[in-house]
Amino acid sequence: VKSVTLRTLRAKYERGEPISMATAYDYPSAVHVDQAHIDILLVGDSAAMVVHGHDTTLPITLDHMLAHCQSVSRGAQRAFLVGDLPFGSYELSARDAVGSAMRMLKEGNMDAVKLEGGSPARVEAARAIVEAGIAVMGHVGLTPQSVSVLGGFRPQAQVAGEAMRVLHQAKALQAVGCFSIVLECVPGPIAAAVTKALSIPTIGIGAGPATSGQVLVYHDLLGMMSHPHHAKVTPKFCKRYAEVGATIQAALQAYRDDVASRSFPGVRYSPYSIKPGEVAALE
Ligand code: KIV
Ligand code: NA
């Protein structure tokens, strides 16, 4: 039995305690996030970018997401597991959306799904999934799956009209039964107003300090890609809690040097012995 459920998340929200969320994509990252007692583990479609090296989240398929979800579910004992519905798996019809969400639970072992956007069609998809008995997390503001119409990854709701739209979308998603909503890359005052207007927790990323919780991407918060020449930059809103990439790079270079100089394995890492006299038989 999980120790983080919709009931315990709800209780935290009602006590005014911040909810923590981080992404993970495979068995070791799931173990790490789970053992840190982070409340919600998101198998994000950001996997397309941080694991598979794509420039956007668009290429990842439902089957790829399911493989990530399965690996994560083997590593997480405690956290509440949310799986991202990828681009193309829920937009065509509410029927598609329910089918994809069911696979995330039945095959991916997720506890809930997340979908992007708050247009009427997306709200209907969320409603249909909730009616099928599956918990749904919404996601408004910057919705990376809409990069084609947004014209790039840029902050949202910086003008009043857009801010009102984000608020209306969040309310509509709450009205059809979403248990929580991610607010991505919106000004702090907008996130504060949305959080105040809702009676479900908001989870912010690049949305300031007033949301009910925070989420960051695993590779970003750990400083995985610290190479100065590397194209994948850490977003401005992300605090780097470690420089794991630099640690990994130094270890790999030390290993390469040890092999080149024959200082590895040496006697210390050559554990298998043969009885004296037996070697002679080889010669
Ligand atoms: O895919 C992802 O990592 C996300 C979070 C940034 C919310 O959707
Ligand atoms: Na995502």
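Residues numbered from 1 in each chain as written. Chains lettered and ligands numbered in written order. Predicted model: local features only at pLDDT ≥ 70, side-chain atom pairs only at ≥ 80, totals over all residues.

Participant: How would you sum up the confidence of the model for the protein chain? Please name residues and give values.
Facilitator: Overall, the predicted model of the protein chain reaches an average pLDDT of 95, with 98% of residues at or above 70. Per-element confidence in the protein chain is highest for strand β4 (residues 112–114), whose mean pLDDT is 99, and lowest for helix α12 (residues 278–282), whose mean pLDDT is 83. Two summary scores accompany this predicted model of the complex, namely pTM at 0.96 and ipTM at 0.99. (pLDDT = per-residue confidence, 0-100. Helix = DSSP H or I, 4+ residues; strand = E, 2+ residues; numbered from the N terminus.)

Participant: Kindly report on the site of ligand 1, identifying the contributing residues and their values.
Facilitator: Contacts to ligand 1 come from Thr23, Leu42, Gly44, Asp45, Ser46, Asp84, Val182, Ile205, Val215 and Val217. Split into classes, the residues belonging to the shell around ligand 1 amount to five nonpolar, three polar and two charged. (Near = placed C-beta within 6 Å. Nonpolar A, V, L, I, M, F, W, Y, C, P; charged D, E, K, R; others polar.)

Participant: Tell me about the packing of helix α8 (residues 160–175) against helix α9 (residues 188–197), and name the residues and values.
Facilitator: At a minimum axis distance of 10 Å, the contact between α8 and α9 shows a crossing angle of 30 degrees. Classed by the angle they form, the pair α8 and α9 counts as roughly parallel. The element α8 and its partner α9 pack so that their crossing is right-handed. On α9, the residues touching Ala163, Val166, Leu167, Ala170 and Lys171 of α8 are Ile190, Ala193, Val194 and Ala197. Taken together, the residues of the contact of α8 with α9 sort by class into eight nonpolar, no polar and one charged. (Axes fitted to C-alpha atoms, helices over the stretch in contact; angles between N-to-C directions. Parallel < 35°, antiparallel > 145°, perpendicular 65-115°, else oblique. Left-handed = near helix turned anticlockwise from the far one by under 90°. Contact = placed C-beta atoms within 7 Å.)

Participant: Which residues make up the packing of helix α2 (residues 27–35) against helix α4 (residues 62–75), and what values go with them?
Facilitator: The geometry of α2 relative to α4 is characterised by a closest axis approach of 7 Å and an angle of 45 degrees between their N-to-C directions. As summarised for this structure, α2 and α4 are arranged oblique, according to the angle between their axes. Along this stretch, α2 crosses α4, giving a crossing that reads as right-handed. Note on element contacts: α4 touches α2 through Ser71, Val72, Arg74 and Gly75, opposite Tyr27, Pro28, Ala30, Val31 and Asp34. Tallied by class, residues from the contact of α2 with α4 come to five nonpolar, two polar and two charged.

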